[in-house]
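# Remarks on the overall topology
Letter by letter, the chains look like this.
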Amino acid sequence: MGKIKVVSFDVESTLLTPDFSQAVWYEGIPSLYAEKNGISFEEARAMVVKEYQEVGDQRREWYDIKYWFERFQLGDYQALLEGYKHRVSCYPEVMEVLSSLSKEYTLIVVSSSTREFLPYLLAEIEGHFARVFSSVSDYGQLKTPAFYLKVCQGMGILPCEMAHVGDSWQFDFLAPKEAGIEAFHLNRGGYAKNDKSLTSLADLEARLLGR
Ligand SMILES: [Mg+2]
């Protein structure tokens, strides 16, 4: 096994709690939609959620706030993101894990969150990362095996020299694994099924050493 040089992190539900995005998608956008169409918040939320579901998380539009603001004709998304930035919150172990791992590895972010969201999400922790990749904004795709190979190329490393960790079985575990990357599945609040699954990022360092 090659030595891991780069450790890559998913963002939402991995480093950061989903609070900020939840607030934007399920409170902020429905509120604006209700106001614009003169309907109740509950009605607006039901309609908006139905439209999200029609698109679904397998299409890149799902992740694209510009697309949704245009679709719902809601004007400027910037003020909404600003208004919710106090809801951005890291999981408790993250700061310590990042400062410890950064002594040994180059750390990067590999996210399907868009460039509109990432400055808010990463505001407190950006300094730990050598590079931030947004699959949707930078490559117009979801986190596919082909995308992960482009990340490795971008970092000038072989897939076997990179580890990735994230909460999505499909996008953070199966896809990087298929690309030849050492993938770890984060199952917060669940249980670790095997030596490639974690219940907290605190276990990551030991797993990397124990490979
Ligand atoms: Mg995630």
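Because the structure is a prediction, the values reported are computed rather than measured.

## Looking at the nonpolar core
Counting residues in each nonpolar core, the largest one holds 50 residues, and the members touching the most others are F9, L15, V24, I29, I65, L204 and L208. The element best represented in this core is helix α1 (residues 19–37), accounting for 7 residues. Formed jointly, this core draws a minimum of three residues from each of two domains, domain 1 (6–17 + 89–209) and domain 2 (19–86). Excluding residues that lie within four positions of it along the chain, F9 makes contacts with L15, L98, L101, L107, I108, V109, V110, F129, H164, V165, L201 and L204. In terms of nonpolar packing, the next biggest core, distinct from the first, is built from 14 residues, I108, C152, M162 and I181 among them.

## Points about the side chain of S135
Summarising the element assignment, S135 is placed in helix α7 (residues 135–139). Take S135: its relative accessible area is 0%, and that puts it in the buried class. Leave out the neighbours within four places in its chain, and S135 touches S111, S112, G140, Q141, L142, K143 and F147.

## Let's talk about the domain arrangement of the chain
When the domains of the chain are assigned, the result is domain 1 (6–17 + 89–209) and domain 2 (19–86). One C-alpha centre belongs to domain 1, the other to domain 2; they are set 26 Å apart. Counting residues at the interface gives 14 residues for domain 1 and 18 residues for domain 2. Here domain 1 and domain 2 share an interface that buries about 1400 Å² over both sides, 60% of which is from carbon and sulfur atoms.

## Section: unusual backbone geometry
Residues other than glycine seldom take positive phi values, yet S13 does so here, at roughly 70°. Even without glycine at this site, Q73 takes up a positive phi of about 50°. Along the chain, Q73 turns up in the loop between α3 (65–72) and α4 (78–83).

## Notes on helix α9 (residues 169–178)
Of all the residues in α9, the buried ones are F171, D172, F173, A175 and P176. Considering only its buried residues, α9 is in contact with α8 (145–155), β4 (162–166) and β5 (182–186). Where α9 terminates, the next one or two residues include G180, which has phi positive at roughly 95°.

## Comments concerning the packing of aromatic side chains
On inspection of all chains with the given rule, the structure shows 16 aromatic pairs. Geometrically, the ring pair formed by Y52 and W68 is edge-to-face, given 5.0 Å between the ring centres and 80° between the ring planes. Of this pair, Y52 sits in helix α2 (residues 41–55) while W68 sits in helix α3, and the two are 16 residues apart along the sequence. Judged on exposure class, the residue Y52 and its partner W68 are both buried. Ring geometry for W169 versus F173: centroids 4.7 Å apart, planes at 25°, classification stacked. Of this pair, W169 and F173 both sit in helix α9, 4 residues apart, which is roughly one turn of that helix.

Calculation notes
- Residues numbered from 1 in each chain as written.
- Predicted model: local features only at pLDDT ≥ 70, side-chain atom pairs only at ≥ 80, totals over all residues.
- Heavy atoms only, no water.
- Core = buried A, V, L, I, M, F, W, Y, C linked by side-chain atoms within 4.5 Å.
- Buried < 20%, exposed > 50% of the residue type's maximum accessible area, 1.4 Å probe, protein only.
- Helix = DSSP H or I, 4+ residues; strand = E, 2+ residues; numbered from the N terminus.
- Domains from an automatic or database assignment.
- Contact = heavy atoms within 4.5 Å.
- Buried area = accessible area lost by both parts, 1.4 Å probe.
- Phe/Tyr/Trp six-rings, centres within 6.5 Å; stacked < 30°, edge-to-face > 60°.

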